[in-house]
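So you can see what is in the structure, the chains are spelled out below.
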Amino acid sequence: FEKIKINSPYFIEAQKSLAYNFSTFLTFEEAEKEIKILLKNTNNNYFIKKVLGDFYRYEKKYEFAISIYNEMIKKNQEDLWDIFYMRGICYERLGNWDKAEKDFLTSLEIKPDSPNVLNYLAYGWVEREIRLDQSLEMLKAAYKANPESYYIIDSLAWAYFKKNNLDEAARLMEKVIDLAPGEAISLDHLGDIYYAMNRKREAIHFWQQALELAEPEDEIEEDVRSKLDKLDAG
């Protein structure tokens, strides 16, 4: 990539590939330094800047990512819907749902049929137990557009659970476990669904699996332990 000269039509693409590889293979400090050098050498190129913003987001440096996305939004490029979506994810991760919700809605105004945005916004509403009917329709649309995404199937199953359609919730969540057997949050969800169906032994089994496989970023360990402890006490 470094051999591609500045007058080549492939120069920016090569620089973008360099930036991506830096973000993937170097330490945080090294990658940040190298990508910023590329930005300077490409006159603050929009696509290199996006790699930097996404790099900060992957590294959970959400405030830094937001500052980059703020600059990009001002450029009003064709992928504006995606930048609002990415910034919304950062706000959601920081616990600012109001700003996240606003960004997801803005993204959908620009591109109404994005399954990932539909999923992220609808799941946020389902978790807060608001707009359940609207969320269910959005998730059906997202599922139709991307039927192989276990994230979307999980969200759709969870919406059915919140609507008390337990049979459909169980059917879909079982499909998620087939697609992604190690997904701790989905295992936890399936445990909740089975418990609501009075299938307590199966619920315990899946909660225990969720506990074994949960990563710190899943943020479910305390809740799952609490559910298991309550059953033990009972």
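The following paragraphs examine the structure supplied in this document. (Residues numbered from 1 in each chain as written. Predicted model: local features only at pLDDT ≥ 70, side-chain atom pairs only at ≥ 80, totals over all residues. Heavy atoms only, no water.)

## Brief notes about the overall build of the protein chain
Part 1: Within the protein chain, the regular secondary structure consists of 13 helices and 0 strands.
Part 2: Helices and strands appear in the protein chain in the N-to-C order α-α-α-α-α-α-α-α-α-α-α-α-α.
Part 3: Taking the principal axes of its C-alpha atoms as reference, the protein chain extends roughly 70 × 35 × 30 Å.
Part 4: For the protein chain, the residues scored as buried account for 47% of the 234 residues in total.
Part 5: Intrachain contacts of the protein chain at a sequence separation of at least 6 include 43% that bridge at least 24 residues.
Part 6: Taken together, the 32 basic and 43 acidic charged side chains of the protein chain have centroids lying 5 Å from each other. (Helix = DSSP H or I, 4+ residues; strand = E, 2+ residues; numbered from the N terminus. Buried < 20%, exposed > 50% of the residue type's maximum accessible area, 1.4 Å probe, protein only. Contact = heavy atoms within 4.5 Å. Lys, Arg positive; Asp, Glu negative; His and termini not counted. Charge placed at Lys NZ, Arg CZ, Asp CG, Glu CD.)

## Some thoughts on the packing of aromatic side chains
Part 1: In this structure the tally under the stated criterion is 13 aromatic pairs.
Part 2: Seen from their ring centres, Phe-28 and Phe-55 are 5.3 Å apart, and the 20° between their planes marks the pair as stacked. On the criterion of sequence distance, the pair formed by Phe-28 in helix 2 (residues 28–41) and Phe-55 in helix 3 (residues 46–58) is long-range, its members being 27 residues apart. Residues Phe-28 and Phe-55 agree in their burial class; the two are buried.
Part 3: Following the ring pairs from residue to residue traces out a cluster consisting of Phe-28, Phe-55, Tyr-56 and Phe-64.
Part 4: Of note, Lys-61 hangs over the ring of Phe-28, and the distance from its end group to the ring centre comes to 5.2 Å.
Part 5: In this arrangement the basic side chain of Lys-111 is found over the ring face of Trp-81, its NZ or CZ atom lying 5.3 Å from the centre. (Phe/Tyr/Trp six-rings, centres within 6.5 Å; stacked < 30°, edge-to-face > 60°. Lys NZ or Arg CZ within 6 Å of the ring centre and 35° of its normal.)

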